[in-house]
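Below are the chains, spelled out letter by letter.
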Amino acid sequence: MSSERNPDPDPRRTPGLEPGGGVPPGETPPAEGSTSGAGPDESHNPYRGWRVMPLIILAVIVAILVIFYIGYAIAL
């Protein structure tokens, strides 16, 4: 027998349910089943967005290109 609870309660054994499985007014419905344990364990969540080093490298490349094109325009 599994240690997990059955996500679908038995209407005959669940207090507060009407015949057919309905919930009378004022009663709290039974808890729903969950799929939290159905997927793989996600222990590694990568960072989102840009980190500092790629932005610095990109800025250096852009600066070199801007200096090159300004120098090329002046040389003409």
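Our structure is the block above this text.
Description of the structure in this document. (Residues numbered from 1 in each chain as written. Predicted model: local features only at pLDDT ≥ 70, side-chain atom pairs only at ≥ 80, totals over all residues. Heavy atoms only, no water.)

## Concerning the overall build of the protein
Right, so step 1: A tally of helices and strands in the protein yields 1 helix and 0 strands.
Right, so step 2: Within the span of the protein, comprising 76 residues, buried residues form 3% of the whole.
Right, so step 3: Per element, the accessible surface of the protein, about 7,600 Å² overall, is 60% carbon and sulfur. (Helix = DSSP H or I, 4+ residues; strand = E, 2+ residues; numbered from the N terminus. Buried < 20%, exposed > 50% of the residue type's maximum accessible area, 1.4 Å probe, protein only. Areas by Shrake-Rupley, 256 points an atom, 1.4 Å probe, with all protein chains shown as cover.)

## Description of a nonpolar patch on the surface
Right, so step 1: Among the surface-exposed residues, Val52, Met53, Ile56, Ile57, Val60, Ile61, Ile64, Leu65, Phe68, Tyr69, Tyr72 and Leu76 lie close enough to one another that they form a single nonpolar patch of about 1,300 Å² accessible area.
Right, so step 2: Along the polypeptide, tyrosine 69 turns up in helix 1 (residues 52-75). (Patch = residues over 30% accessible without salt bridge, like charges linked within 9 Å, V, L, I, M, F, W, Y side chains within 5 Å. Salt bridge = Lys/Arg side-chain N within 4 Å of Asp/Glu carboxyl O.)

## A word on the packing of aromatic side chains
Right, so step 1: With the rule as written, the count across this model stands at 2 aromatic pairs.
Right, so step 2: When the centroid spacing of 5.3 Å and the interplanar angle of 70° are considered together, the rings of phenylalanine 68 and tyrosine 69 count as edge-to-face.
Right, so step 3: With a centroid separation of 6.3 Å and 20° between ring planes, the pair formed by phenylalanine 68 and tyrosine 72 is classed as stacked. Taken together, the positions of phenylalanine 68 and tyrosine 72, both in helix 1 and 4 residues apart, correspond to about one turn of that helix.
Right, so step 4: When its relative accessible area of 51% is taken as the criterion, tyrosine 72 is described as exposed.
Right, so step 5: Among the aromatic residues, ring-to-ring pairing joins Phe68, Tyr69 and Tyr72 into one connected group. (Phe/Tyr/Trp six-rings, centres within 6.5 Å; stacked < 30°, edge-to-face > 60°.)

Everything listed here is a matter of coordinates, which is why it stays silent on function.
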